[in-house]
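What follows is each chain in one-letter form.
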Amino acid sequence: MTSEFRDPVIRTAPMPRECNNNGDIFGGWVLSQMDVAGGILAAREARGRVATVAVEAMTFHQPIKVGDVVSIYGEIQKVGRTSISVKLTTIVARKLDSEEITVTEGTYIFVAIDDFGRPRPVHPESAQPK
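Residues numbered from 1 in each chain as written. Predicted model: local features only at pLDDT ≥ 70, side-chain atom pairs only at ≥ 80, totals over all residues. Heavy atoms only, no water.

### Observations regarding the overall build of the chain
Line of reasoning, step 1. For the chain, the helix and strand inventory stands at one helix and five strands.
Line of reasoning, step 2. When the helices and strands of the chain are placed in sequence order, the string is β-α-β-β-β-β.
Line of reasoning, step 3. Principal-axis analysis of the C-alpha atoms gives the chain an extent of 55 × 30 × 20 Å.
Line of reasoning, step 4. The buried share of the chain, reckoned over its 130 residues, is 36%.
Line of reasoning, step 5. Considering only contacts in the chain between residues 6 or more positions apart, those separated by 24 or more positions represent 67%.
Line of reasoning, step 6. For the chain, the exposed area adds up to about 7,700 Å²; of that, 50% sits on carbon and sulfur atoms.
Line of reasoning, step 7. Averaged over its 15 positive side-chain charges, the chain has a centre that lies 7 Å from the centre of its 16 negative ones. (Helix = DSSP H or I, 4+ residues; strand = E, 2+ residues; numbered from the N terminus. Buried < 20%, exposed > 50% of the residue type's maximum accessible area, 1.4 Å probe, protein only. Contact = heavy atoms within 4.5 Å. Areas by Shrake-Rupley, 256 points an atom, 1.4 Å probe, with all protein chains shown as cover. Lys, Arg positive; Asp, Glu negative; His and termini not counted. Charge placed at Lys NZ, Arg CZ, Asp CG, Glu CD.)

Written as structure tokens, this is what we have:
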């Protein structure tokens, strides 16, 4: 399954403290890991600071369990003047199984920001003067 992806942006394993009352990993934990991964890709594209402004089309296909190896893959989908859209896919390998399963997919939108937290052009060298 991962043959369609390059290397993961993040690879980690959740701990028991990330479990909900059902014994599965909190959805919020997964969202935060995806946000970190997307932020890495967006910051590279923007060559600087970015801030998350939206999460779109989030889909949870299956739960993540303690002991799973979690890999988050991402790709830049769209670059606007100040924004960057990143498609993220979370895949797990279960603790005792090498089969990989897509568990979560979503699109995160980031905005390039300056040192004062204001939006700035993603590629300032190609921005049109005002």
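### Brief notes about the sheet that holds strand β4 (residues 83-93)
Line of reasoning, step 1. Strand order in the open sheet formed by five strands is β1-β3-β4-β5-β2, and the pairing between neighbours is antiparallel. Pairing within the sheet leaves two strands with one partner each, and these edge strands are β1 (10-12) and β2 (50-60). The average angle at which neighbouring strand axes cross in this sheet is 20 degrees, direction not considered.
Line of reasoning, step 2. The sheet contact formed by strand β3 (residues 69-79) and β4 spans 10 bridges and is antiparallel. (Pairing = 2+ DSSP bridges. Axes fitted to C-alpha atoms, helices over the stretch in contact; angles between N-to-C directions.)

### A few points about the nonpolar core
Line of reasoning, step 1. Ile64, Val86 and Leu88 are the most contacted members of the largest nonpolar core, which totals 22 residues.
Line of reasoning, step 2. Counting residues per element, the ones that place at least two in this core are α1 (27-46), β3, β4 and β5 (100-112).
Line of reasoning, step 3. Among the elements that take part in this core, α1 stands out by supplying seven residues, more than any other. (Core = buried A, V, L, I, M, F, W, Y, C linked by side-chain atoms within 4.5 Å.)

### Points about the pairing of β4
Line of reasoning, step 1. Along β4, nine of the 11 residues are buried, which leaves the element largely enclosed by surrounding structure.
Line of reasoning, step 2. The antiparallel pairing of β3 with β4 creates a hairpin that spans three residues between the two strands.
Line of reasoning, step 3. With 11 bridges connecting them, β4 and β5 associate as antiparallel partners. Bridge assignment links Val86 to a residue of β5, and that residue is Tyr108.
Line of reasoning, step 4. Where β4 hands over to β5, the hairpin turn is made up of six residues, counted between the paired strands.

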